[in-house]
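What follows is the residue order along each chain.
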Amino acid sequence: MKSILFYFRLSAALLVINSVNSSAQSDSGQLRMTQQEIINTKSSGGTSAPGSSNLSAVQVIVIHGDPSKPGLYTILLKVAPNTKIPAHLHPDDRIGTVVSGTWYFGYGDKFDERKLKKLPVGSVYSEIPDQNHFAMTKREPVIVEITGYGASGVTYVNADDDPLKQK
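Residues numbered from 1 in each chain as written. Predicted model: local features only at pLDDT ≥ 70, side-chain atom pairs only at ≥ 80, totals over all residues. Heavy atoms only, no water.

1. Focus on the overall build of the chain
Then, number 1: Looking only at helices and strands, one finds three helices and ten strands in the chain.
Then, number 2: Helices (α) and strands (β) of the chain occur, in sequence order from the N terminus, as α-α-β-β-β-β-β-β-β-β-β-β-α.
Then, number 3: The 167 residues of the chain split such that 47% are buried.
Then, number 4: Pairs at least 24 residues apart make up 65% of the contacts formed inside the chain by residues separated by at least 6 positions.
Then, number 5: Of the roughly 8800 Å² of accessible surface on the chain, 53% is carried by carbon and sulfur atoms. (Helix = DSSP H or I, 4+ residues; strand = E, 2+ residues; numbered from the N terminus. Buried < 20%, exposed > 50% of the residue type's maximum accessible area, 1.4 Å probe, protein only. Contact = heavy atoms within 4.5 Å. Areas by Shrake-Rupley, 256 points an atom, 1.4 Å probe, with all protein chains shown as cover.)

2. So, the pattern of salt bridges
Then, number 1: This structure, assessed with the given rule, holds five salt bridges.
Then, number 2: With its nearest N and O atoms 3.8 Å apart, the salt bridge here joins K69 to D66.
Then, number 3: Among the salt bridges present, the one from E127 reaches R94, with a minimum N-O distance of 2.6 Å. With E127 in strand β7 (residues 124–127) and R94 in strand β4 (residues 94–100), the pair connects residues that are 33 residues apart, well separated along the chain. Accessibility classification places E127 together with R94 in one group, the buried group. (Salt bridge = Lys/Arg side-chain N within 4 Å of Asp/Glu carboxyl O.)

None of this, on its own, says anything about what the molecule does.
Here is the structure:
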C-alpha cells in the first residue's frame, strides 16, 4: 500500500512540475494543469505510442519524457465510451490514476468482465512488468494518467487482438 501511495504522489507531482507542450507550460518547463485543462488537452500523436494499447478508441498524450526510451515518463490515455481493451502486458512498471470518468480494470490472461474492478475518478492501480491485464469503459469517455519507467511497449496475449497486426 505504501508503494501505491508513493506512486500516486509521484504521479501527481509529475503533473505539477514536469513539462508538456501546452499553454499551461511556462518557459521554465514548469507545469500546472487543472483537471479541466487535462480533459481539454488534445492528442497530437494519435493512437499509436509505446505504452498504449494502439486501439483507435484510445488517444495518447505524452505529458513527460519519452515512453519509447529508458527513463521516467507520464502519458494520458483518453479512452472513448464503450471500449474494450483485450488482455495485454507492458514490459515496464507503471501506475495509473483515473482523471475523469469511470475505468474498469482487471488482471488476467483474457478479458473477463467478472474480474473488472470499477475505478472512479481519483482511483489508482498498478501495472506490474509483464503482468497481463485488460480494461474497458462503459457509457462515458475516460482519461487515465499513467506514469512508468520505460522503455515501454505493448504485447497482446492473443496476437490477433493487436490493432497494429490487423492493419
